[in-house]
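An overview of the molecular structure
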Amino acid sequence: MKKMSKVTKNNLITYAMVIAAYIVMEILLKTGHVSSLLQGLLVPLCTYVILAVSLNLTVGILGELSLGHAGFMCVGAFSSALFSLTTKEAIPNGGLRFLIAILIACVAAAVCGVIVGIPVLRLKGDYLAIVTLAFGEIIKNLVNAIYLGIDSKGFHFSMKDTISLNLEPEGKVLIKGAQGITGTPHSSNFTIGVILILITLIIVNNLVHSRTGRAVMSIRDNRIAAESIGINITKYKLIAFTLSAAMAGVAGALYSHNLATLTALPKNFGYNMSIMILVFVVLGGIGNMRGSVIAAVVLTLLPELLRGLSDYRMLIYAIVLIVMMIFNWSPAVLDMRKKLAAKLKKNQTEKEA
Amino acid sequence: MKKKLLSLVLAMAMTASLLAGCGAGTGETTGTDGAEVAEEAAEETEAAEETAEEAEAAEETAEEAEAPAAEGGVLKIGGIGPTTGGAAVYGTAVMNAAQIAVDEINAAGGVNGMTLELKFEDDECDAEKSVNAYNTLKDWNMQVLMGTVTSGCCIAVAESAMADNMFLLTPSGSAVECVQYDNAFRVCFSDPNQGIASAQYIGANALATKVAVIYDSSDIYSSGIYEKFAAEAANQPFEIVAAEAFTADNKTDFTVQLQKAKDAGADLVFLPIYYTEASLILAQANQMGLDTKFFGCDGLDGILAVENFDTALAEGVMLLTPFAADATDDKTVKFVEAYKAAYSDTPNQFAADAYDAIYTIKAACEKAGVTADMSTSDICDALKGAMTQITVDGLTGDGITWSADGEPTKAPKAVVISDGAYKAM
């Protein structure tokens, strides 16, 4: 009983932290104390937090390495942006349209998750890392090769160029290959972002402490033992992985509806992005959802706050990463932190005495 | 252990002092200033000074930068482009050339009594970072935006600039959507215009009857030109016999594309791509014994400067470019000399576009009578009207005029490479 309440308390602290941050930001926004830079960063922050939490489900809870999380984000971003663009006139209500777009992003990414997961999650070892790595690159290149247009006769599709779409003169090109999608309506905002973060956190935290979650963690801790007590390994792995992919898709929808252009560059949906998300997870603490939230926020803000250093900021960013890694994980520093904490405690008790 | 602690404290203190500098609402004009601040801060940290003192030092540096403000006030021009990453060449060229133009104008007495101040922010060629850079510049109280350098970023930033009614003049954002709003203008040709102009040029001068195209399908610039080229080719007395694409992930071996061009019997190969790949294509075509004419766009500018490239291979290559660094007119010579003296590098057409962009802003400000105390939105409205009335004689063309849709009108220039130098055709 006591243990249960501790878990709930821990979860509630995470939610309270997100809500408190939201309220503080809203008050600052209303009173006009927030710089334009930070205002512009609010939605990307929400996007990266969701990505970090969703990847933590795969890496921390399921114990599998995924190197293609940006691929799922890409699927979500493009599917939702395409939907919003085609239904701009049909659904004038922006909120409703965005809600449907998010659901579409979620489903599209989940389907990709299942497709990748079914063959790979049956295997033992690091195969998921290899396959997701390939998946991310394939999606990026695939999206760069797609041309899609619409006119009175319906959709036209080509893998070559816009000319071979054979559109009528008044037809509209929706996806222009490497030029991607332009003109996505600006539907994302901070409030929706925070709501999505909270939903993501609630889903993950509840899953972890459910029967399913315990089954997933038992696979992570000892696959043979889990198998021996009759846990369907593939099924539980697939549940966790698909959920993780679906949430990355949601983050993609949030991302695509925040920018007018959506192009699949190596920069935003490539391998580097996947690694970036993994860095959030590792620095925040594998399996620690609150840590992921904090790490994602800090590491997204840092390069922007270091803009004063111009080109040197990347160098400093790398140094900060290393320092953070040492501070969080080095056994010597951990020892020292423990000693310091004990000393502080001792001082306090002495004072009280 | 102590070393680790020290490094941690050092990094933190450096960050803190620099943030304090930013918070004071001042900005450095160039990258080197930022570095100086960093060095100063680092030195002081080593001397184990208090953080508060460092913040003071950073503020002092900032005050120094603000000092040379003239009576007429300061017009703050923001610039955005990639100065790090794969496209850094273009962003850096724009940043450097714009700085030269700003320094020249300030030395000559400024605009309407105002001095110009340029702050350039890096966007890493990423739309999201570009919007962040835009917001950073807004916090710096930018009044006019010269940017962004690349098309994809420009479309995203144009959206924000439209919402703020910020005047935007992109030196090199060539995609159509970059200037879709009435507050946005550009200096370079749009991609479609380049494609159409190339097709018309080849047709009008009867350069070929069978044309092969090799383009980068993953690049907006390249595929944009190709599409319009192919559309215009239908109206021209030549046919496209092969259109072969490559992508950014696979751009070292072009023998397949060249073989197809050879098999199709092409007598001219159109290369709407950047010079790095073009130099490889020329070398490989030579090895294969493919002896055709080659025709390119402004992306080929710079091909003669590629390291280890035999310029004899480029003999006879034609390109449509607004700027050639070895042209002999006074303006170009003066600019190239200034650029070489300041950055010991030969400017490319991006630099020329940026240089013209700053002078265009100056001309428009003079026409509209912009003063530094006007609000950003008022400046934008004034410049919008002035842009369609001005005529600029720049590096990239004489008598450049703008229409209200943001497109420049200037004559396309074609040059041919002969004896290892660009020659006007």
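If you're wondering where the values come from, they're calculated on a predicted model, not measured in any experiment.

1. Section: the packing of helix H3 (residues 69-86) of chain A against helix H9 (residues 233-256) of chain A
All names here are of chain A. Where H3 meets H9, the closest approach of the two axes is 6 Å, and the angle between their N-to-C directions is 50 degrees. Judged by the angle between their axes, H3 and H9 are oblique. Considering the relative orientation of H3 and H9, their crossing is right-handed. Along its contact with H3, which presents His-69, Phe-72, Met-73, Gly-76, Ala-77, Ser-80 and Ala-81, the element H9 presents Phe-241, Ser-244, Ala-245, Ala-248, Gly-249, Gly-252, Ala-253, Tyr-255 and Ser-256.

2. So, the domain arrangement of chain B
All names here are of chain B. Its domain assignment divides chain B into domain 1 (2-63), domain 2 (74-189 + 330-409) and domain 3 (192-321). Each of domain 2 and domain 3 has a C-alpha centre, and the two are 30 Å apart. Listed by partner, the interface residues are twelve residues for domain 2 and eleven residues for domain 3. Its largest share of buried area at the contact with domain 3, domain 2 owes to Tyr-90, Phe-189 and Gln-349, together 50% of the area lost on that side.

3. Comments concerning helix H5 (residues 127-145) of chain A
All names here are of chain A. For H5, built from 19 residues, the straight-helix expectation of 27 Å at 1.5 Å per residue is met to within 8% by its first-to-last C-alpha distance of 27 Å. Regarding H5, the residues found buried are Leu-128, Ala-129, Thr-132, Phe-135, Gly-136, Ile-139, Lys-140, Val-143 and Asn-144. The buried side chains of H5 occupy one side of the element, clustering within an arc of 165 degrees when seen end-on. Summarising the geometry of H5, the exposed residues directed more than 90 degrees from the buried face are Ile-130 and Ile-138. Check the buried side of H5 and you find it contacts helix H2 (36-62), H3, helix H4 (94-120), H9 and helix H10 (266-269).

4. Considering the packing of aromatic side chains
Counted according to the given criterion, the structure contains 20 aromatic pairs over all chains. A centroid spacing of 5.9 Å and a plane angle of 35 degrees characterise the contact between Tyr-201 of chain B and Phe-295 of chain B, whose relative ring orientation is tilted. Taken together, the residues span a long stretch of sequence, with Tyr-201 of chain B in helix H7 (residues 191-204) and Phe-295 of chain B in strand S9 (residues 293-296) at a distance of 94 residues. In this structure an aromatic cluster arises from ring pairing among Phe-323, Phe-335, Tyr-339, Tyr-343, Tyr-355 and Tyr-359 of chain B. In this structure, Arg-337 of chain A is placed above the aromatic ring of Phe-327 of chain A, and the distance from its NZ or CZ to the ring centre is 4.7 Å. Over the face of the ring belonging to Trp-140 of chain B we find Lys-76 of chain B, whose NZ or CZ atom lies 5.1 Å from the ring centre.

5. Describing the environment of Met-374 of chain B
All names here are of chain B. With respect to the element layout, Met-374 can be found in the loop between helix H12 (349-368) and helix H13 (376-387). Under the relative-accessibility criterion, Met-374 is labelled partly exposed at 23%. Residues Met-374 and Leu-145, 229 residues apart in the sequence, show an inter-C-alpha distance of 15 Å. Filtering out sequence-adjacent residues up to four positions away, Met-374 remains in contact with Gln-143, Gly-369, Ile-379 and Ala-382.

6. Some words on helix H12 (residues 289-305) of chain A
Taking 1.5 Å of rise per residue, 17 residues should cover 24 Å, and H12 of chain A covers 24 Å from first to last C-alpha, within 8% of that figure. Two to three positions downstream of the cap, the backbone nitrogen of Arg-290 of chain A sits 3.2 Å from a side-chain oxygen, assigning the N-cap of H12 of chain A to Asn-288 of chain A.

7. What to know about the interface of chain B and chain A
Taken together, the contact pairs 48 residues of chain B with 45 residues of chain A. Inspection of the chain B/chain A interface yields one salt bridge. One salt bridge connects Lys-176 of chain A with Glu-177 of chain B, and the closest N-O pair in it is separated by 2.7 Å. Between chain B and chain A we count seven residue pairs in polar contact (both at pLDDT 80 or more) in total. Within the residue set of the side of chain B that touches chain A, elements represented by two or more residues are helix H1 (2-23), helix H2 (31-46), strand S2 (115-122), helix H5 (127-139), helix H6 (151-164) and helix H8 (220-233) of chain B. Of the residues that constitute the side of chain B that touches chain A, the class distribution is 20 nonpolar, 13 polar and 15 charged.

Definitions and limits used
For every chain, the first residue of its written sequence is number 1, and the numbers climb from 1 along that sequence. Written order decides the labels, with chains lettered from A and ligands numbered from 1. Reporting in this predicted model follows two pLDDT cut-offs: at least 70 for local features of residues, and 80 or more for side-chain atom pairs to be given and counted; totals over whole chains, interfaces and linings ignore these cut-offs and use all residues. As a rule here, side-chain values cover all heavy atoms of the structure and leave hydrogens and water aside. Fitted lines through C-alpha atoms give the axes, limited to the stretch in contact for helices. The angle between two N-to-C directions lies from 0 to 180 degrees. Elements are defined by DSSP. Helices are runs of H or I of four residues or more, strands are runs of E of two residues or more, and each kind is numbered from the N terminus. Orientation labels follow simple angle bins: below 35 degrees gives roughly parallel, above 145 gives roughly antiparallel, 65 to 115 gives roughly perpendicular, and whatever is left gives oblique. Handedness of a crossing is defined here by the sense of rotation of the near helix relative to the far one, left-handed for an anticlockwise turn of less than a right angle and right-handed for a clockwise turn. In what follows, residue pairs with any heavy atoms lying within 4.5 Å of each other are defined as contacts. Domains are outlined according to an automatic or database domain assignment. Accessible area that two parts lose when put together, evaluated with a 1.4 Å probe and summed over both, is termed the buried area. An expected span of 1.5 Å times one less than the residue number is assigned to each helix. Exposure is judged per residue with a 1.4 Å probe applied to protein chains only, and the accessible area is read against the type maximum: over 50% gives exposed, under 20% gives buried, and values in between give partly exposed. To be clear, the arc concerns the directions from the helix axis to the C-beta atoms. The rule is short: rings of Phe, Tyr and Trp, with Trp giving its six-membered ring, pair when the centres are within 6.5 Å, and they are stacked under 30 degrees, edge-to-face over 60, tilted in between. Placement of a positive charge over a ring is assigned whenever Lys NZ or Arg CZ falls within 6 Å of the ring centre and within 35 degrees of the normal to the ring plane. As used in this structure description, the phrase polar contact means that two N or O atoms lie within 3.5 Å; if the pair is within protein, one of them must be able to donate a hydrogen and the other to accept it, and residues adjacent in sequence are counted only when both atoms belong to side chains. By convention in these notes, a salt bridge is any Lys or Arg side-chain nitrogen within 4 Å of a carboxyl oxygen on Asp or Glu. Only Asp, Glu, Lys and Arg are considered charged in this grouping, and only Ala, Val, Leu, Ile, Met, Phe, Trp, Tyr, Cys and Pro are considered nonpolar; every other residue, Gly among them, is considered polar.

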